Structure formats: C-alpha cells, structure tokens
Amino acid sequence: MNPRQFYFDFTLMAKTTAPATFFERGVPLEDFWNNEYISKQMLQAHLDPNTDAASRKPETIRRSVDWIIDQAKLRPEHNLLDLGCGPGLYCTEFARRGYKRITGIDFSRRSIEYAREQAANNNLPIEYIHQNYLDMEYDNQFDVAMMIYCDFGVFSDVERDKVLKKVHRALKPGGLFIFDVCTQHNAEFVREFKDWTIYPERGFFSAGPHMELQNNVHYPEHNLVLDQYVILDQYGNTTIYNLWERYYSVKGLVDLLRPYGFQGVKLAGDLTGKEYTETSPFIAAIVKTLK
Ligand SMILES: C[S@@+](CC[C@H](N)C(=O)[O-])C[C@H]1O[C@@H](n2cnc3c(N)ncnc32)[C@H](O)[C@@H]1O
C-alpha cells in the first residue's frame with residue numbers, strides 16, 4: 001500500500017488508548033523482550049556503561065555483587081540462580097569472583113545468546129537457559145535465587161503467585177531469595193503524563209517511521225503504574241506496549257512473602273546495601289526459605 005493512502009481507525013485508537021484493564025499487556029511481555037528489533041536496542045541499553053536504563057551501571061553491579069556475597073555469606077560452591085539474567089552481567093561478575101555453579105535464565109533470546117558467547121569467550125562456568133522462568137521446574141536445588149532490577153514488580157497477581165511458589169520450590173531449605181522492588185518514592189516512576197513523539201526514520205520500538213504516544217498512569221490505590229506506548233506506523237498499524245510495574249512498601253512486601261514460606265532476613269535501600277529510609281526509591285530484600 002502507498003503509505004500516503006490509509007485511513008486511521010479512530011474507533012480502534014479510542015479503544016487502545018482507553019485506560020487498560022490491570023496487567024492487560026497489548027503485546028505480551030515475552031514478545032516485547034524477544035522482539036527482533038526491540039531486543040537489539042535493549043541489549044545496547046543493557047551494555048551501555050553510562051546508563052541505568054536496562055541494567056544498572058558496572059560500578060553499581062560490582063558493589064551489588066559485593067553486598068550480596070557479604071550478606072548471604074556466599075561461598076564459591078554455592079549454587080546460584082539469576083532469574084531474568086539479561087546479558088548475564090551479574091552472573092559474569094559472580095563467575096569472575098570464583099563462583100562455579102551459576103545458572104542464568106532469561107526469555108530474551110538475544111540476551112541469552114550474548115551471555116553464552118561471553119561465557120564461552122572468557123571461559124566462565126555459567127549455564128544460560130533460554131526460558132520463561134514462570135515455566136521453570138527446580139526442586140531444592142539452589143542456595144540463592146536472584147531477581148534483579150525490579151522485575152518482581154511486573155507480575156499480575158496470578159504470575160506473582162506462580163513465581164513465589166516456583167522460587168520457593170527451587171531453593172534449598174534456608175536458601176535465600178534476593179530481589180529489589182520500586183517504592184512509591186520513585187518519583188520518575190509514578191509521575192503521570194501523556195506525550196507524543198514523531199520518529200521520521202526509526203526509534204526504540206520500531207525500525208521504520210512512526211509516531212509514539214506515551215501515557216503514564218498512576219493507580220495509587222493499587223500501588224501500580226502503567227507505562228503505555230502506542231506505536232502508529234506509516235501504514236496505519238497500531239501496536240500497544242503496556243508496561244506495568246507494581247511498587248511496594250516494606251510492610252506490603254513482608255505480609256506478601258510470609259504465607260509463601262519466606263522470612264525477612266535483611267532489607268536495604270538498594271542492592272548495594274544503602275540504608276533503607278522512608279523515602280528510598282527502592283527496597284532490596286533478602287528473604288530466607290522456610291521448609
Ligand atoms: C530489567 S531487565 C534486568 C536484567 C538483569 N537482571 C540486570 O539487572 O542486568 C529484565 C530481564 O528479565 C527478563 N525477563 C522478564 N520476565 C521474564 C520471564 N518471565 N522469564 C524470563 N526472563 C524474563 C527480560 O528478558 C530482561 O532480560
């Protein structure tokens with residue numbers, strides 16, 4: 001079709017830009033992270049040492065690994081699981097410090113391929129698995145399971161229930177689940193706005209000319225934020241990415257975890273061990289598995 005000849009379906013547009021049902025995704029999360037074009041931009045962002053956009057900066061990663069080793073009293077023979085490992089920046093850091101039993105899981109094929117290549121080139125003993133960790137089936141196998149950079153906030157109630165049960169099952173008795181979440185003091189994150197941008201050539205979400213409508217909505221009564229991107233291409237196609245993130249309070253987190261058989265060991269303001277205060281943008285949690 002000649003790109004100049006199409007009709008916008010404004011009925012569809014009105015539907016797609018209406019407030020979404022909670023955790024309705026538009027494009028499924030797995031397809032977002034695995035999208036051939038987007039995953040390329042994402043990998044670049046993960047590997048860019050100057051931004052915290054997809055992974056935290058290298059210095060923060062090193063300090064986080066220091067803190068985790070110290071707090072979890074880790075020894076090189078311990079069995080570590082990194083859920084949503086991305087390109088393996090944390091797994092690599094553990095392996096460089098002599099840890100020998102490391103498993104990273106991610107459903108981004110591009111990230112896992114990059115991570116495997118790095119491990120092979122540097123002779124690092126890391127097993128990378130391309131999988132949705134909601135489908136993992138481990139029993140009493142790991143000393144530590146990590147989920148780093150607020151991924152714990154992206155789940156619907158059903159997914160979160162599944163993750164907590166699977167992580168609990170995967171850990172040995174007394175094993176540790178280490179993760180971080182956003183709080184309501186993450187000002188950038190809970191800021192409501194609508195914005196639009198024209199990309200005459202390409203942008204983050206699409207390789208061709210497109211318009212991006214961004215809609216950030218805060219649902220304070222549900223501790224929930226929607227970061228919605230509606231992409232309109234030159235042929236009139238509409239693609240919606242609904243990125244949901246739930247934020248937590250310390251009490252909310254502790255109350256949530258207890259019935260699943262996790263007991264609080266340590267809370268901090270981030271994974272480098274910064275002190276947690278009432279206005280910290282993050283909570284880092286280390287919880288022990290009771291069995
Ligand atoms: C924000 S990134 C963080 C990556 C890494 N933890 C870090 O901090 O460098 C989230 C990662 O989790 C992965 N991910 C999200 N949900 C997942 C799932 N259900 N199963 C497997 N991987 C998942 C994404 O593909 C992405 O690589």
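First things first, this report covers the structure right here in the doc. (Residues numbered from 1 in each chain as written. Predicted model: local features only at pLDDT ≥ 70, side-chain atom pairs only at ≥ 80, totals over all residues.)

### Topic: the overall build of the chain
Move 1: The helix and strand tally for the chain stands at nine helices and eleven strands.
Move 2: Over its C-alpha atoms the chain spans a radius of gyration of 20 Å, differing by no more than 12% from the 19 Å that the globule rule assigns to 291 residues.
Move 3: Taking the principal axes of its C-alpha atoms as reference, the chain extends roughly 65 × 45 × 35 Å.
Move 4: Partitioning the intrachain contacts of the chain with sequence separation of at least 6 by distance along the chain shows that 67% fall at a separation of at least 24. (Helix = DSSP H or I, 4+ residues; strand = E, 2+ residues; numbered from the N terminus. Rg over C-alpha atoms; globule rule 2.2 N^0.38 Å. Contact = placed C-beta atoms within 7 Å.)

### Regarding the packing of helix H3 (residues 36-47) against helix H6 (residues 109-121)
Move 1: As a packed pair, H3 and H6 sit with axes 9 Å apart at the nearest point and diverge in direction by 45 degrees. Taken together, the axes of H3 and H6 lie oblique to each other. Where H3 crosses over H6, the handedness of that crossing is right-handed. On H6, the residues touching Ser 39, Lys 40, Leu 43 and His 46 of H3 are Arg 110, Ser 111 and Tyr 114. (Axes fitted to C-alpha atoms, helices over the stretch in contact; angles between N-to-C directions. Parallel < 35°, antiparallel > 145°, perpendicular 65-115°, else oblique. Left-handed = near helix turned anticlockwise from the far one by under 90°.)

### Comments concerning the site of the ligand
Move 1: Around the ligand lies a shell of 19 residues, among which Trp 33, Ser 55, Gly 84, Gly 86 and Tyr 149 are the nearest.
Move 2: Taken together, the residues of the shell around the ligand sort by class into ten nonpolar, seven polar and two charged. (Near = placed C-beta within 6 Å. Nonpolar A, V, L, I, M, F, W, Y, C, P; charged D, E, K, R; others polar.)

### Details of the nonpolar core
The tendency in soluble globular proteins is for nonpolar side chains to be buried as a group.
Move 1: Counting 54 residues, the largest nonpolar core has Val 144, Ala 145, Met 146, Phe 177, Ile 178, Phe 179 and Val 181 as its most contacted members.
Move 2: In terms of nonpolar packing, the next biggest core, distinct from the first, is built from nine residues, Phe 32, Met 42, Phe 205 and Leu 232 among them. (Core = buried A, V, L, I, M, F, W, Y, C linked by C-beta atoms within 7 Å. Buried ≥ 20, exposed ≤ 12 C-beta atoms within 10 Å, placed from the backbone.)

### Some points on the sheet that holds strand S4 (residues 142-147)
Move 1: Taken in spatial order, the seven strands of this open sheet run S3-S2-S1-S4-S5-S11-S10, and their pairing is mixed. The open sheet has two edge strands, strand S3 (126-130) and strand S10 (262-268), and neither has a second partner. Across the sheet, the axes of successive neighbouring strands diverge by a mean angle of 20 degrees, strand direction being ignored.
Move 2: Pairing between strand S5 (residues 171-182) and strand S11 (residues 282-289): seven bridges, direction antiparallel. Looking across to S11, one finds that Phe 177 is bridged to Val 287.
Move 3: Taken strand by strand, helix H9 (residues 250-257) contacts S5, S10 and S11, and its axis lies near 25 degrees from that of S11. (Pairing = 2+ DSSP bridges.)

### Considering the sheet that holds strand S7 (residues 210-219)
Move 1: A sheet is described by the order of its strands in space; here four strands give the open sequence S6-S7-S8-S9, paired in antiparallel fashion. The strands lining the two open edges of the sheet, one partner per strand, are strand S6 (193-199) and strand S9 (238-246). The average undirected angle you get between the axes of adjacent strands in this sheet is 15 degrees.
Move 2: Of the pairings in the sheet, the one linking S6 to S7 comprises seven bridges and is antiparallel in character. Bridged to Trp 196 within S7 is Leu 213.

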